[in-house]
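Single-letter residue listing:
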Amino acid sequence: MTMDHRTTEPGAAPGPGSPASPSPERGSLRALLPVLGAHRSMTVRTFVAALAGQTALAALVVLAAHTVGTAVMTRAAPGTGTVLALVALVLVRAATTWWEMDLSHDLAYRVLAELRVRVFDGLARSAPLRIGGRRSGDLASAALADVEALEFFYAHAVAQLLATTAVFGAGTVVLADLEPWLLPAVLPMAAALMLGPLLEGRDRAALGARTRSAAAELSARAVETVDGLPELLAFGAFDRRRADLRGYGRLLGAAQRAEQTREARSAAVRDILVVISLVAVVAVSAHTLEGAWVPAAVALALGVLAPVADSAAALGQAACLRAAAARVGAAVRAPRGAPEPRSPRPVPDGPLGFRLSGVRFGYGGGPVLDGLDLLVRPGETVALVGASGAGKSTCAHLLARFWDPADGRVELLAGDGRSVDLRQVAESELRAAVAVVGQDAPLFHGTLRENLRLGTPAASDADLVAVAALTGVDRIADGLPQGFATMLGERGSTLSGGQRARVALARALIARPRVLVLDETTSNLDGLGDAELLAALPDCATLIIAHRAATIRRADRIAVLEDGRVAQEGTWAELTAVPGPFTRVLDREQRG
Ligand SMILES: Nc1ncnc2c1ncn2[C@@H]1O[C@H](COP(=O)(O)OP(=O)(O)OP(=O)(O)O)[C@@H](O)[C@H]1O
């Protein structure tokens, strides 16, 4: 009797030239067990169903063997009571199998749904820190394929292992009662069966890790391919990419096959151990038991060993899942990039400005911001300029509190001088006060109206129409077949870059932010559109990150970022009057 061997989730071996995946730590599966805690009653019911099913099967084979043995010896048909008992056991076994399958899958799918949400929570908590380090296809793989792979563990391993332990314990007591010499025929083989997964656990975990990391690699490359299809086609690079994907697909197949080959070998060893044990039981019982008790003892030994063999198979399979569990666990336990304050302080009311003081920040290498000071007063518009890679977007991300500075402070300021450090502001308050709009702010699959209401689902139609008129989104809606109800397509792919920028800005303005950060938001628009959008901006503290001279010129003040600090500050007239960091930036832009 062997376990139901499931095909492992798709995955590929490490990329060409990449090192083999290390064997993941023991305990990664155990670390996820607390998720079952929320489903305690269902876990207990699954255990009861598994226990009832395994007990019914053991009783059925023993009674059937005894009945057949008796019939052969006495040459008489079994009595009605025996037949009824056999029928009852068959029915109980059928009912409990159905019950257990139903419950265990229900439990597994609930746990997986919960885990998926926890993975997404972890990603949100640590974004974009984590996203900076891992590729989106890899993250999607952790959230979907790795979680899915764990179905086997939750549906087939946990409750069944507990039930097997109980059935094995009770079965050996009965065997010992029948004939103590049967124990040496059964116990060593049972121990050998359970030793197998322990001995090969490391190897199987490494095989599983190879499959999982390859699955993630393939997933990451597939997502990149879909995302970059226009570029791949435009550069004639698609054929190479396809060959590349095929290669990774083959590596995936090889990794999966290695896992299956190992499982097939282990299954053969388990079958041999069970057969050896049964032969020993036959030998012992032939000398010590009488009549129909001989086949009954053999059946009981089988009834006891089969679940042990199944459990050994389950443990072997579970070892393969350690890598998936480790990846899911890492995502679930991802640290918060910017932890919520224990005792949040309110954001001051009235118009807001902000100040970065002595800010130092890096991404693990050298410092990107190195003692940066920047003040934007309520109602003021400041342009932040600098060479590519100078750290302008990093400032925007610090204002959105994606990260906290390693040193220094980022504060919101009221007109009367009151201030609050972003680290002390509750996230919901911060999001309501500060809006950061990027250059390619992604839109989502949904209608134009849904995209506009992303941050403010309760925004009134009047607000929506007013902001749409300010930002020119009303003209975009007029050109769409169903106006604001038109589906935009994934990532707003049905809109032009300039149209997406208008929608992204409108989306931010509907929330009436008190601090606005525009990170190259208008760079996809022509000069006229740029001017139109900037004129539509509300009278709040605004930081505009831009390269275009006309955009920069509209700001009240300009700050030039160089070597991680503000190297120069002033109005357009002041900064263009003398050669310096700003004129160098302008020269570079003109030459570019
Ligand atoms: N998530 C990240 N992980 C690691 N390094 C990063 C990350 N984001 C930015 N960097 C690095 O930090 C530096 C500053 O990047 P940033 O995007 O802030 O520059 P920028 O001035 O906005 O550039 P650009 O004008 O080209 O948009 C760069 O060297 C960049 O490579």
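Remember, it's a predicted structure, so these values are computed and weren't measured experimentally.

Caption draft 1: Main features of the UniProt feature "transmembrane region" (unreviewed entry) in the chain. When the UniProt feature table is mapped onto this chain, "transmembrane region" (unreviewed entry) is found at residues 47-66, 72-92, 152-175, 181-199 and 267-286. Secondary structure within residues 72-92 divides into 76% helix and 0% strand; the distance between the first and last C-alpha atoms comes to 26 Å. Along residues 181-199 the backbone is 95% helical and 0% strand, and the end-to-end C-alpha distance reaches 28 Å.

Caption draft 2: Structural context of the sheet that holds strand β9 (residues 557-562). The six strands are arranged β6-β7-β8-β3-β9-β10 in an open sheet whose pairing can be described as mixed. With one partner strand each, in any of the chains shown, β6 (434-437) and β10 (565-570) form the two edges of the open sheet. When the angles between neighbouring strand axes are averaged without regard to direction, this sheet yields 20°. Sheet analysis places strand β7 (residues 515-519) next to strand β8 (residues 541-545), joined by five bridges and oriented parallel. Its bridge partner lying in β8, Leu 518 is registered against Ile 544.

Caption draft 3: Structural view of helix α5 (residues 151-178). With 28 residues, α5 extends 40 Å between its outermost C-alpha atoms, agreeing within 8% with the 40 Å of an ideal straight helix rising 1.5 Å per residue. Gln 160 marks the point of greatest bend in α5, at about 30°.

Caption draft 4: A look at the packing of aromatic side chains. Counted by the stated rule, this structure contains six aromatic pairs. Look at Phe 361 and Trp 403: their rings are 5.4 Å apart centre to centre, the planes differ by 40°, and that puts the pair in the tilted class. Of the two residues, Phe 361 sits in strand β1 (residues 352-362) while Trp 403 sits in the loop between α11 (392-399) and β4 (407-414), which places them 42 residues apart along the sequence. When its relative accessible area of 8% is taken as the criterion, Trp 403 is described as buried. Here a set of aromatic residues connected by ring pairs shows up, and it is made of Phe 361, Tyr 363, Phe 402 and Trp 403.

Caption draft 5: Here's a closer look at the packing of helix α14 (residues 461-471) against helix α16 (residues 497-510). Here α14 crosses α16 at 140°, and the two axes come no closer than 9 Å. By the angle class used here, α14 and α16 are oblique. In terms of crossing hand, the pair formed by α14 and α16 is right-handed. Counting all contacts with α14, which are made through Leu 464, Val 467 and Thr 471, the residues of α16 involved are Arg 502, Leu 505, Ala 506, Leu 509 and Ile 510.

Caption draft 6: Representation of the site of the ligand within the structure. Inspection of the region around the ligand gives Tyr 363, Val 368, Ala 387, Ser 388, Gly 389, Ala 390, Gly 391, Lys 392, Ser 393, Thr 394 and His 547 as its neighbouring residues. For the ligand, whose accessible area on its own is 640 Å², the fraction buried by protein is 59%. Residues that form the shell around the ligand fall into these classes: four nonpolar, six polar and one charged.

Caption draft 7: View of the pairing of β1. Strand direction decides the pairing type here: β1 and β4, joined by seven bridges, are antiparallel. Following the sheet pairing, Arg 360 is matched in β4 by Asp 407. When β1 meets strand β2 (residues 367-376), the two strands line up antiparallel, connected through seven bridges. Paired with Phe 354 across the bridge in β2 is Val 376.

Caption draft 8: Geometry of the nonpolar core. Among the nonpolar cores identified, the biggest contains 44 residues, and Leu 448, Leu 452, Val 473, Leu 516, Ile 558 and Phe 582 are the most heavily contacted of them. Not counting chain neighbours up to four residues away, the residues in contact with Phe 582 comprise Val 385, Ile 552, Ile 558, Val 560, Gln 568, Trp 572, Leu 575 and Thr 576. Core analysis: the next-biggest nonpolar cluster, separate from the first, contains 34 residues, Val 376, Ala 396, Ile 545 and Leu 561 among them.

Caption draft 9: Molecular detail of the sheet that holds β1. The antiparallel open sheet is built from four strands, whose spatial order is β2-β1-β4-β5. A single partner strand is all that each edge strand has here, and the edge strands are β2 and β5 (419-421). Averaged over all pairs of adjacent strands, the angle between strand axes in this sheet comes to 20°, irrespective of strand direction.

Caption draft 10: How the structure looks around the pattern of salt bridges. Following the criterion strictly, the structure yields 32 salt bridges and no others. Put simply, Arg 116 and Glu 148 hold a salt bridge, and the shortest N to O gap is 2.8 Å. Here Glu 148 lies in helix α4 (residues 136-149) and Arg 116 lies in helix α2 (residues 80-126), a separation of 32 residues in the sequence. Since its relative accessible area comes to 21%, Arg 116 is described here as partly exposed. A salt bridge links Glu 263 to Arg 204, with the nearest nitrogen and oxygen atoms 2.9 Å apart. Placement of Glu 263 in helix α8 (residues 238-288) and of Arg 204 in helix α6 (residues 182-227) is noted, with a sequence separation of 59 residues between them.

Caption draft 11: Molecular detail of the packing of helix α1 (residues 40-74) against α5. Their axes nearest at 8 Å, the elements α1 and α5 cross at an angle of 45°. On the basis of their axis angle, the class for α1 and α5 is oblique. Considering how the two elements wind past one another, α1 and α5 form a crossing that is right-handed. Taken together, the residues of α5 that come into contact with α1 (itself represented by Thr 46, Phe 47, Ala 50, Leu 51, Gln 54 and Thr 55) are Ala 159, Gln 160, Leu 162, Ala 163, Thr 164, Ala 166 and Val 167. Classifying every residue of the contact of α1 with α5 gives eight nonpolar, five polar and no charged.

Criteria and thresholds
- Residues numbered from 1 in each chain as written.
- Predicted model: local features only at pLDDT ≥ 70, side-chain atom pairs only at ≥ 80, totals over all residues.
- Heavy atoms only, no water.
- UniProt positions renumbered as here; feature names shortened; annotations may be inferred.
- Helix = DSSP H or I, 4+ residues; strand = E, 2+ residues; numbered from the N terminus.
- Pairing = 2+ DSSP bridges.
- Axes fitted to C-alpha atoms, helices over the stretch in contact; angles between N-to-C directions.
- Expected span 1.5 Å × (residues − 1).
- Bend = angle between axes of the 7 residues up to and from the residue.
- Phe/Tyr/Trp six-rings, centres within 6.5 Å; stacked < 30°, edge-to-face > 60°.
- Buried < 20%, exposed > 50% of the residue type's maximum accessible area, 1.4 Å probe, protein only.
- Parallel < 35°, antiparallel > 145°, perpendicular 65-115°, else oblique.
- Left-handed = near helix turned anticlockwise from the far one by under 90°.
- Contact = heavy atoms within 4.5 Å.
- Near = heavy atom within 4 Å.
- Areas by Shrake-Rupley, 256 points an atom, 1.4 Å probe, with all protein chains shown as cover.
- Nonpolar A, V, L, I, M, F, W, Y, C, P; charged D, E, K, R; others polar.
- Core = buried A, V, L, I, M, F, W, Y, C linked by side-chain atoms within 4.5 Å.
- Salt bridge = Lys/Arg side-chain N within 4 Å of Asp/Glu carboxyl O.

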